[in-house]
Amino acid sequence: MANETTVAEAAPAKAHGNGHENGHGHHPTGWRRWLFSTNHKDIGTMYIVLSLVAALVGGAMSFLIRLELAEPGIQYNLFWLDNEAAYLQFYNVLVTGHGFIMVFFVVMPAMIGGFGNWFVPLLIGAPDMAFPRMNNISFWLLAASLVLLLIAAFTQGGPGTGWTVYPPLSNAEFHPGAAVDLGILSLHLAGASSVLGAVNFITTIFNMRAPGLVIHRMPLFVWAILVTAFLLLLAIPVLAGALTMLLTDRNFGTAFFDAARGGDPVLWQQLFWFFGHPEVYIIIIPAFGIISQVISTFSKKPIFGYLGMAYAMVFIGFVGFIVWAHHLYTSGLDVDTRAYFVSATLIIAVPTGIKIFSWLATMWGGSIDFRTPMLFACGFIFLFVMGGVTGVALANAGMDIAFHDTYFVVAHFHYVMAIAAVFAMFAGFYYWIGKMSGRQYPRVLARVHFWMFFIGVNVVFFPQHFLGMAGMPRRIPDYPDAYAGWNYVSSVGSYLTTASTLLFFYIIWRTLRSGEKVAANQWGEGATTLEWTVDSPAPFHTHEDLPDMREKQPAE
Amino acid sequence: MLRILKLIVLVPVLAALSLMLGTGDVFAAGRAEPWQMWFQPAATPVMERILEFHNLLLIIEVSIVVFVLAIMCYIIFRFNAKSNPVPSKTTHNTLLEVIWTGVPLFILIIIAIPSLKLLYYADKVQDAEMTLKVTGNQWYWNYSYPDHGGFAFDSIIVPNAELKKGQPRLLTVDNPVVLPARTNIRLLLTSADVIHNWAVPAFGVKLDTVGGRINETWVNINKEGDYYGMCSELCGVNHAFMPIHVKAVSKADFAIWVKKAKKDFADVEVPAAAKLAQADAPAVAR
Ligand SMILES: [Cu+2]
């Protein structure tokens, strides 16, 4: 086992890894291997597959939205619906479904369930997650949740409430039928899945680190997942409470959100965003972690200002819980309340600034290999800064009057967290696919993918700043003719983005089918973390003898 | 394909043109123009201050993006594996870290002070000369004038097929809401059903209408003219089809209009139920 404990040195012999597997020769095969899986790598793989499937659905939805918006007028001849009201409802369901699916079933499963499951144990030198059976339940709850959500979309017109599900629009009077109820149940399952996963990660990271891998030496991806797990643990129960209140409002005659009977629709907004704001950090903080690993590896330098980077994430997570009402600037909140939320929200720029500058400082003086993961990391920084500065603008309640609920906001959050997160997912995918599959991705195609996607998303979202400033509201299927120009440009961008996504799926197929075999450490001297000490593909069981990190430099 | 090619040529030209012409009064006030890349011209003191504040912010935003991009370009050029084969081992620099924590904090304070001033200025008006009450409905607006005898009327979108020449699609309503220019007007907003949002970009006004609550804001319109807005909170299938059309007139004309409106709308008794049936049918025509 000696060589498994050695950081950043030669790969352990192939036979060695196989020996491990043979030692546990009775691990399940066929469908049992997956359905009953308690192996963090298999479960991680299932999360990634689920994310890819959901990405096809959510991506198709956004493509349909852009098709509808490509020209003024209602384009419902594109669809099988011949009744205009039904089509308008269907459009709102697309808007709703795109949000839900991308947040809960694409980004979160890929980064937390997928990369988190795969690499947290590998990075901390643990043989598996702390609660392997709970890990299995977490995944299957999420799969069930996705199925429920898709059923909801096709039940009695579907939920056309937006992912924010604001009552009264979401209550029984304005959304009769089971669609919203099914959506609520779906979110309950997804929430339960997330909370179980969070408990698992926290326990694993606190208790199962290799000897010597003290908390201040953990790789930043592990820090990111730890902070994210705490955010999930604290935010999801609030969502669950609010969802339950909405469910009883709809079905059992309570009136939590019904003003006519003493309730308050704005209460929902407070509860939803108390969850919703941390949720966007749940999405972006794992991205921070991936980007830190990638930048450090390809710059061949340890992360600059490691402690600052780690605690910036902790601080962002903390502040994330006290800024929620900046989503409610036009709900009619008291002016002093808004003044507080302006100040608190602006503060977030400080730790995020620290992160940006520390990444740049890590690259500074490095000997940078611009391979595909690094390209995506650089793209991430650009998008995150773009979305960050518009975020600073939106934080100001006085000026947010002009931006709220316009396409400017759509552009902002896609830049700063949605597309940025997807860039981090692609960076993570190209960075780790060799470790996960044992195969090299096609290098040239991967670069083509990067440039197509980078140009595509910027063509989609940059013009939306103009649309928003000119006053175009969100979530509308048709717009005054003045907005036609930039909408058309935006839609052209989405064709390119869609093409790049199809290319990505081809790249996956090519990698798995005919990619050449890669070495245990395919990135060379910059890849200093523990996952590069085990074979590629990583054997079924790893780190059964804990690597000894007592003598090593911080694994940054 | 030809369209795309045209766009590749047209877009930068138009963009450059609109930037050159600046942000002034080249656009007709009150609604967006084709290829507009900027705010609609301000028609109220609040919107004027929003634009002023945004000009400050834009300088800061652009400087940050340019600064980061410049560093990245330098890094890509100078520290790629070919130019710099041996990586440095620097991982700390306390002074640098203090600077990049402190300077952003300082910039934020520069932003926060005018931001909060604007926020408090835009909130409420002390000496309102009149009040307009706005009620959101699925999917039209109801306006009432409590200081002028309390008459009320509905404002419903005009379907595309019935538009007259020059009337903008999706922005034209049967009864525009008429307001006097150069007058402090208090707006009271509420809803008869789901949450809507009464928004007119040129006024710098955007506020939810929530059933069971009354939200307050204000306008003082600089200039006579037509101003348009759209519902800005998802409110169901016809969310895109409940526009706002404000006709600002002189005080004298407003007085004349009030007299006439009192007669015209005398029998309109906040007719939510009666009008609902009419509005239930999807309001658009293609
Ligand atoms: Cu509305």
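Now for a description of the structure that goes with this document.

What counts and what doesn't
- Note on numbering: residues in each chain are counted from 1, in written sequence order.
- Here the convention is simple: chains get letters from A, ligands get numbers from 1, in the order in which they are written.
- Where local features are concerned, this predicted model is filtered to residues with pLDDT of at least 70; where side-chain atom pairs are given and counted, the filter is 80 or more; whole-chain, interface and lining totals use all residues.
- To obtain the side-chain values, all non-hydrogen atoms of the structure were used and water was disregarded.
- Think of a nonpolar core as a cluster: buried Ala, Val, Leu, Ile, Met, Phe, Trp, Tyr and Cys residues, connected wherever their side-chain atoms sit within 4.5 Å.
- Buried residues are those whose accessible area, probed at 1.4 Å on protein chains only, stays under 20% of the maximum for their type, while exposed residues exceed 50% and partly exposed ones sit between those limits.
- In DSSP terms, a helix is any run of H or I states spanning at least four residues, a strand is any run of E spanning at least two, and both are numbered starting from the N terminus.
- How far each domain reaches was decided by an automatic or database domain assignment.
- Note on contacts: a residue pair qualifies if any of its non-hydrogen atoms lie within 4.5 Å across the two residues.
- Metal donors were taken as nitrogen, oxygen and sulfur atoms no farther than 2.8 Å from the ion, or 3.2 Å where the ion is Na, K or Ca. Water is excluded, so coordination may look unfinished.
- In short, tetrahedral needs four donors with all angles between 85 and 135 degrees, square planar needs four and octahedral six donors with opposite donors over 155 degrees apart and all other angles between 65 and 115, and whatever is left is irregular.
- Any two of the Phe, Tyr and Trp rings considered here, Trp counted by its six-membered ring, make a pair once their centres fall within 6.5 Å; the pair's planes then place it as stacked at under 30 degrees, edge-to-face at over 60, or tilted in between.
- Consider the ring centre and the ring normal. A charge sits over the ring if Lys NZ or Arg CZ is within 6 Å of that centre and within 35 degrees of that normal.
- Should DSSP find at least two bridges between two strands, the strands are regarded as paired.
- Between N-to-C directions, angles span 0 to 180 degrees; the directions come from axes that are lines fitted to C-alpha atoms, helices contributing only their stretch in contact.

1. So, the nonpolar core
Ranked by size, the top nonpolar core spans 280 residues in total, and within it I284 and F380 of chain A together with Y145 and W198 of chain B carry the most contacts. At 24 residues, the largest contribution of residues to this core is made by helix α4 (residues 84–124) of chain A. Both domains that furnish three or more residues to this core are identified here as domain 1 (2–22 + 38–84 + 92–123) and domain 2 (130–285) of chain B. Excluding residues that lie within four positions of it along the chain, Y145 of chain B makes contacts with M130, T131, L132, G150, F151, F153, V177, V178, L179, F254 and W257 of chain B.

2. Observations concerning the coordination of the copper ion
Residues and elements named next belong to chain B. Around the copper ion, the protein supplies H196 (ND1), C231 (SG), C235 (SG) and M242 (SD) as donor atoms, at distances of 2.1 to 2.6 Å. In this structure, the copper ion is surrounded by four donor atoms whose angles at the metal cover 89 to 130°, and the resulting shape is tetrahedral. Judged by relative accessible area, which is 2%, M242 ranks as buried.

3. A word on the packing of aromatic side chains
Scanning all chains against the criterion turns up 78 aromatic pairs over all chains. If you follow R49 of chain B out to its NZ or CZ, it ends over the ring of Y121 of chain B, 3.9 Å from the centre.

4. Points about the pairing of strand β6 (residues 196–200) of chain B
Residue and element names in this part refer to chain B. Counting buried positions along β6 gives five out of five residues, so the element sits mostly inside the fold. The alternating pattern of β6 places H196, W198 and V200 on one face and N197 and A199 on the opposite face, and all of these are buried. Where β6 lies against strand β7 (residues 205–209), five bridges are found, and the strand directions are antiparallel. Looking across to β7, one finds that W198 is bridged to L207. In sequence, β6 turns back onto β7 through a hairpin of four residues, with G204 there showing a positive phi of about 65°.

5. Regarding the sheet that holds strand β5 (residues 185–191) of chain B
All names here are of chain B. Strand order in the open sheet formed by five strands is β3-β2-β1-β5-β8, and the pairing between neighbours is mixed. Among the strands making up the open sheet, the edge pair consists of β3 (152–155) and β8 (215–219). The sheet shows a mean angle of 25° between the axes of neighbouring strands, taken without regard to direction. By the bridge criterion, five bridges tie β5 to β8 in an arrangement that is antiparallel. Looking at β8, one finds that L187 is bridged to T217.

In short, geometric facts, not functional conclusions.
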